[in-house]
Amino acid sequence: CEILDNKYIPDGTDTLGGVIDIVADMLLHPLFSDESFDSAIFDQEIRVILDALNAEINNTRAYAIKRCAELMFESYEDYPTVAETKQIVADATLDDLRAHYRSLISEAPLEVFYIGATDADTVSSALLESFGSAHFGKEQRICKASPISRESFAEACEKMPVSQGKLAICFSTHTALSTDNNDYYVALMLNEIFGGSASSKLFLNVREKMSLCYY
């Protein structure tokens, strides 16, 4: 949530506390009907998600990146393709959603990030007041990222009636996204040089020197 700091509101309205209350109410007291989510809203959201997934191909920039990632992660079961994601959504049931929601509320740890001028004690007090009745998981788990491994080259080409083609390239660096590994910073530098900034080789040569648009 992006909110105006309380000190800039002349009538003394507590926007931070109010927003935290709203978020807590949405999370802890969703709309239930007979101890489950409303079936009509559930069916509606399934359609909304499927429509959004079906429309992704119209955003060729995002679609190219997603297809590239599918190739990179095709051997990983926990990275479903768009087609597999559609099937997961289509097969979802109210019972699945209710069980998943209850497991989140009872087992998942709650992490809060705040950036602003309000002191930490005030933010903490507001959070405890709004979320104090909840029983989130107490276990703290550290997720260690492990690098993916892909040795073989893969490519896919799809023809579409578009005015600008999209080329997405993905490298397997064997480097985990972790500050514990110095190779992580090398990978960041590689990304900046190859295409991640306005000072990249692609930008300076293709766009600036050759005056060619590219993506």
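Residues numbered from 1 in each chain as written. Predicted model: local features only at pLDDT ≥ 70, side-chain atom pairs only at ≥ 80, totals over all residues. Heavy atoms only, no water.

Peer 1: What's the story with the overall build of the protein chain in this structure? I'm lost.
Peer 2: Looking only at helices and strands, one finds 8 helices and 0 strands in the protein chain. For the protein chain, the N- to C-terminal ordering of α and β elements is α-α-α-α-α-α-α-α. At 23 Å, the protein chain has a C-alpha radius of gyration far larger than the 17 Å of a compact globule built from 215 residues. Counting the 215 residues in the protein chain, one finds 20% classified as buried. (Helix = DSSP H or I, 4+ residues; strand = E, 2+ residues; numbered from the N terminus. Rg over C-alpha atoms; globule rule 2.2 N^0.38 Å. Buried < 20%, exposed > 50% of the residue type's maximum accessible area, 1.4 Å probe, protein only.)

Peer 1: Quick question: what am I supposed to make of a nonpolar patch on the surface here?
Peer 2: Side chains of Leu-167, Ile-169, Phe-171, Leu-190, Phe-194 and Leu-202 sit close together on the surface and give an oily, nonpolar patch of about 580 Å² of accessible area. Among the structural elements, Leu-167 can be located in the loop between helix 6 (120–131) and helix 7 (182–196). The class for Leu-167 is exposed, based on a relative accessible area of 61%. (Patch = residues over 30% accessible without salt bridge, like charges linked within 9 Å, V, L, I, M, F, W, Y side chains within 5 Å. Areas by Shrake-Rupley, 256 points an atom, 1.4 Å probe, with all protein chains shown as cover. Salt bridge = Lys/Arg side-chain N within 4 Å of Asp/Glu carboxyl O.)

Peer 1: I'm lost on the packing of aromatic side chains in this one. Help?
Peer 2: A ring pair, where both rings are aromatic, is described by two values, the distance of the centres and the angle of the planes. Considering all chains together, one arrives at 5 aromatic pairs under this definition. For the ring pair Phe-171 and Phe-194, a centre distance of 5.6 Å and an interplane angle of 90° mean the geometry is edge-to-face. Of this pair, Phe-171 sits in the loop between helix 6 and helix 7 while Phe-194 is found in helix 7, placing the two residues 23 residues apart along the sequence. The exposure class assigned to Phe-171 is partly exposed, which follows from its relative accessible area of 48%. (Phe/Tyr/Trp six-rings, centres within 6.5 Å; stacked < 30°, edge-to-face > 60°.)

Peer 1: Hey, could you run me through the side chain of Ser-200 in this one?
Peer 2: Topologically, Ser-200 is positioned in the loop between helix 7 and helix 8 (201–209). At a separation of 3.0 Å, a polar atom in the side chain of Ser-200 contacts the main-chain carbonyl oxygen of Ser-197. In contact with Ser-200, not counting residues within four places along its chain, are Glu-192, Ile-193, Phe-194, Gly-195 and Tyr-214. (Polar contact = N/O pair within 3.5 Å; in protein donor to acceptor, adjacent residues only side chain to side chain. Contact = heavy atoms within 4.5 Å.)

Peer 1: What is the right way to read the nonpolar core from this model?
Peer 2: Looking at soluble globular proteins, one finds that nonpolar side chains tend to be buried together. Ile-20, Leu-28, Ile-105, Leu-127, Phe-131 and Phe-136 are the most contacted members of the largest nonpolar core, which totals 13 residues. Listing elements by their share of this core, those giving two or more residues are helix 1 (15–28), helix 5 (94–107) and helix 6. Those residues in contact with Ile-20 that lie beyond four places of it in its chain are Ala-126, Leu-127, Ser-130 and Phe-131. (Core = buried A, V, L, I, M, F, W, Y, C linked by side-chain atoms within 4.5 Å.)

Peer 1: Even after reading the chapter, I still don't get the packing of helix 1 against helix 6, so can you show me in this structure?
Peer 2: A pair of packed helices is captured by two measures, namely the crossing angle of their axes and the spacing between those axes. Axis separation between helix 1 and helix 6 bottoms out at 9 Å; the angle between their running directions is 35°. Along this stretch, helix 1 crosses helix 6, giving a crossing that reads as right-handed. Taken together, the residues of helix 6 that come into contact with helix 1 (itself represented by Leu-16, Ile-20, Asp-21, Val-23, Ala-24, Leu-27 and Leu-28) are Val-123, Ala-126, Leu-127, Ser-130 and Phe-131. Here the contact of helix 1 with helix 6 is composed, by residue class, of 10 nonpolar, 1 polar and 1 charged. (Axes fitted to C-alpha atoms, helices over the stretch in contact; angles between N-to-C directions. Left-handed = near helix turned anticlockwise from the far one by under 90°. Nonpolar A, V, L, I, M, F, W, Y, C, P; charged D, E, K, R; others polar.)

Peer 1: What is the right way to read the confidence of the model for the protein chain from this model?
Peer 2: The predicted structure's coordinates, where accompanied by low pLDDT, should not be read in detail. Across the protein chain, pLDDT averages 86, with 93% of residues at or above 70. When the elements of the protein chain are averaged for pLDDT, helix 7 gives the smallest value, 82, and helix 2 (residues 39–55) the largest, 94. (pLDDT = per-residue confidence, 0-100.)

Peer 1: Honestly, the pattern of salt bridges in this entry has me stumped. Any pointers?
Peer 2: Pairing between side chains becomes possible if they bear opposite charge and their charged atoms approach one another. Per the counting criterion, the structure on display carries 4 salt bridges. One salt bridge in this structure joins Arg-67 and Glu-158, with 2.8 Å as the shortest N-O distance. Of this pair, Arg-67 sits in helix 3 (residues 60–72) while Glu-158 sits in the loop between helix 6 and helix 7, and the two are 91 residues apart along the sequence. Here Arg-67 falls in the partly exposed class, since its relative accessible area comes to 21%. Between Arg-98 and Asp-95 there is a salt bridge, with its nearest N and O atoms 2.7 Å apart. Of the two residues, Arg-98 and Asp-95 both sit in helix 5, 3 residues apart, roughly one turn of that helix. Relative accessible area serves as the criterion here: at 48%, Asp-95 is assigned to the partly exposed category. A single network of salt bridges, built from pairs that share partners, joins Arg-67, Glu-70 and Glu-158.

Peer 1: Sorry if this is basic, but what is going on with unusual backbone geometry here?
Peer 2: Among all residues save glycine, negative phi is the norm, and among peptide bonds the norm is trans. Even without a glycine there, the phi angle at Ser-211 is positive, about 55°. Position of Ser-211 among the secondary structure elements: in the segment after helix 8.

Peer 1: Sorry, what's going on with the environment of Phe-42 here?
Peer 2: Position of Phe-42 relative to the elements: it lies in helix 2. Sequence-wise, Phe-42 and Ile-115 are 73 residues apart; in three dimensions their C-alpha atoms are separated by 34 Å. Not counting the four nearest positions on each side in its chain, Phe-42 is found in contact with Ala-92, Thr-93, Leu-94 and Leu-97.

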